[in-house]
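Read off the chains here:
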Amino acid sequence: MRRLKPLLPLALLVALWQLAAGRFIPTPTAVAHALGGLLASGALIKHIVASVFRITWGFLLASLVAIPCGMALALHRRWRLTVNPLLALLRPLSPLAWTPLAVLWFGVGDSPAIFLIFIACAPTLALIAMAAVRSIKPAYVNAGRNFGLSNVQLLRRVIFPAAAPQILAGMRTTLAVAWSVLISGEMLSVNSGLGFLIMDARNAGNRFDLVFAGMLAIGAVGFGIDAAMRLMERTEMMRWAQLR
Amino acid sequence: MSTAPALPGIDAHPKLSVRGLYLSFDDGGKPRPILDGVDLTVEAGEFVCLVGPSGCGKSTLLHVLGGFLQPTSGSVEIDGEEVRGPDPRRIFVFQESAVFPWLTVEGNIGFGLTHLPGRERAERIAHYIDLVGLGGFERAFPHQLSGGMKQRLEVARALAVNPDVLYMDEPFASLDYITRMEMRRELLRIWQRERKTILLVTHDIDEAVQLGDRVLVLSARPARIRQTLEIPMPHPRDAGAPETIRLRSRILDEIGVAKNI
């Protein structure tokens, strides 16, 4: 009985939804039908794969570029002073503002979407990595140097593991933002993906059952991505940061 | 140039020799002096305690000796060789525990031993786990240990690389009274067995009187050495003995603390 408790608000929501259903709000059963149809035709899987493919590449590239850059900025005062204003300027800029340029530079298809994810995540990830390295307890770095580590060893054996939990937590929130950016981006410039699915359903004769089905899929996949990141935070190597 | 052959067993240099150490930090354009001409000599195997009023710069002094801070002027020599940076032959035990929380007990103790072949490394780790009484906790992470165990782990990690000198910066300050007493006894036992040179900074005068062969009393900032007290008493020392009480009261006088509150 207790395990079912979290489902209670969800059931309540479905009940309310049923009551509110009307011209622009399809009934839960209609949405379930639409979802079933999308699954059966393979369209849902195709769109999910397209979206997940883009976010994986965009986020991976952003992480690989921005995290080392952010860590380097933390360790070099002069670089930091040079690059900080640039990051401060880039970060408040909505990633979607890049859409016209993304299409111009990368055409249509996956590349502009991957670029949008990259540009949405990279500045934030760099700042997160920088803050994480700067907040490492100086005693850890001193202890590492005391045991005779070279700079490269110090980076690998002390600085990276010490900053990892904070970086990972930051990656998790950034990824959630990236997911919503991707969905909006897909409404503008591509012909596949969950964002496209929603726009297409509306344009193709106001199929709000399909719109709702798409929205549910977006929520579910986003939840799945977050759950995967949360699993990584629970490994022994990361857990110390929460338990200290 | 002719050099007289050194007599066997007699080293020409003291273990640690500090001369004319000055250090000032930049405080908004004005230099703020922290160390004001510190001179000291420590012989190999000696246990020296540094005490002084809070904020006097005793911890900073220890960081300079450890090679983590460059003095403004003056020199620090170990075995007649100038100290230019931290070195595994001299390990620093930090006030705020610096055991690595992402490594297990084994991983921490073996941290400085990666150059050893696997079996020797494992033996060394096992030896020091045993020495500090952490048997059964080899695979535990620091957050699973008590404060006293963490501190013993840090001491074990330091000893495992077989340094000649240990610098200890108020290592037991964060522990409760009983654990602190136990840790002192442990440290003495280990020191008597391994005969390292130990410099221990503390604000706890009882600790200094109980542990040190010598107690150096520092002045308020900028720090100078005000007084050196030899403590010729053998271990174990009785904290209630008249001699101990007399020494403690002398140190308090030196620091300028009112004893009758």
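Residues numbered from 1 in each chain as written. Chains lettered and ligands numbered in written order. Predicted model: local features only at pLDDT ≥ 70, side-chain atom pairs only at ≥ 80, totals over all residues.

1. A closer look at the overall build of chain A
Then, in step 1: Tallying secondary structure elements over chain A gives 11 helices and zero strands in all.
Then, in step 2: Over its C-alpha atoms, taken along the principal directions, chain A stretches across nearly 70 × 55 × 30 Å.
Then, in step 3: Sorting the 244 residues of chain A into buried and exposed places 35% on the buried side.
Then, in step 4: Across chain A, every contact between residues at least 6 apart in sequence was considered, and the portion connecting residues at least 24 apart equals 73%. (Helix = DSSP H or I, 4+ residues; strand = E, 2+ residues; numbered from the N terminus. Buried ≥ 20, exposed ≤ 12 C-beta atoms within 10 Å, placed from the backbone. Contact = placed C-beta atoms within 7 Å.)

2. Quick notes on the nonpolar core
Then, in step 1: Formed by 133 residues in total, the largest nonpolar core has its most connected members in I117, C121, L125, A129 and A178 of chain A together with A156 of chain B.
Then, in step 2: Of all the elements, helix 6 (residues 110-134) of chain A adds the most residues to this core, at 18 residues.
Then, in step 3: Here L125 of chain A is in contact with A62, S63, A66, I67, G70, M171 and T174 of chain A, once residues within four sequence places are set aside. (Core = buried A, V, L, I, M, F, W, Y, C linked by C-beta atoms within 7 Å.)

3. Describing the interface of chain B and chain A
Then, in step 1: Taken together, the contact pairs 17 residues of chain B with 15 residues of chain A.
Then, in step 2: A breakdown of the residues in the side of chain B that touches chain A according to their chemical character gives 13 nonpolar, two polar and two charged. (Nonpolar A, V, L, I, M, F, W, Y, C, P; charged D, E, K, R; others polar.)

4. Digging into the environment of I225 of chain B
Then, in step 1: Within the secondary structure layout, I225 of chain B lies in strand 10 (residues 225-230).
Then, in step 2: Between the C-alpha atom of I225 of chain B and that of Y177 of chain B, which follows or precedes it by 48 residues, the distance is 28 Å.

5. Looking at the packing of helix 3 (residues 118-131) of chain B against helix 4 (residues 147-160) of chain B
Residues and elements named next belong to chain B.
Then, in step 1: Remark: helix 3 packs on helix 4, axes separated minimally by 9 Å, with the N-to-C direction vectors making an angle of 140 degrees. In terms of orientation, helix 3 and helix 4 fall into the oblique class. Both helix 3 and helix 4 take part in a crossing whose hand is right-handed. Seen from helix 3, the contacting residues are R124, I125, Y128, I129 and L131; seen from helix 4, they are A156, L159 and A160.
Then, in step 2: The residue inventory of the contact of helix 3 with helix 4, partitioned by class, reads seven nonpolar, no polar and one charged. (Axes fitted to C-alpha atoms, helices over the stretch in contact; angles between N-to-C directions. Parallel < 35°, antiparallel > 145°, perpendicular 65-115°, else oblique. Left-handed = near helix turned anticlockwise from the far one by under 90°.)

6. Here's the deal with the sheet that holds strand 5 (residues 81-82) of chain B
Residues and elements named next belong to chain B.
Then, in step 1: An order of 2-1-4-5 is seen for the four strands of this open sheet, with the pairing classed as antiparallel. At either end of the open sheet lies a strand with only one pairing partner, and these are strand 2 (30-42) and strand 5.
Then, in step 2: The sheet contact formed by strand 1 (residues 16-27) and strand 2 spans 10 bridges and is antiparallel. Bridge pairing in strand 2 links L16 to V42. (Pairing = 2+ DSSP bridges.)

7. Considerations on the sheet that holds strand 10 of chain B
Residues and elements named next belong to chain B.
Then, in step 1: Here we have six strands laid out as an open sheet, ordered 6-7-8-3-9-10, and mixed in their pairing. The two strands at the open ends of the sheet, each matched to only one other strand, are strand 6 (90-93) and strand 10. Strand-to-strand twist of the sheet, defined as the mean angle between neighbouring strand axes without regard to direction, takes the value 15 degrees.
Then, in step 2: When strand 6 meets strand 7 (residues 165-169), the two strands line up parallel, connected through four bridges. Across the sheet, the residue bridging to V93 is M168, located in strand 7.

8. Considerations on the packing of helix 8 (residues 151-189) of chain A against helix 10 (residues 208-233) of chain A
Residues and elements named next belong to chain A.
Then, in step 1: Where helix 8 contacts helix 10, the two axes come as close as 10 Å, and the packing angle between them is 165 degrees. As the angle between them shows, helix 8 and helix 10 are arranged roughly antiparallel. Where helix 8 crosses over helix 10, the two elements pack in a sense that is right-handed. Counting all contacts with helix 8, which are made through L168, A169, M171, R172, L175, A176, W179 and I183, the residues of helix 10 involved are I218, G222, I225, D226, M229, M232 and E233.
Then, in step 2: When the residues that make up the contact of helix 8 with helix 10 are grouped by side-chain class, the tally is 11 nonpolar, one polar and three charged.

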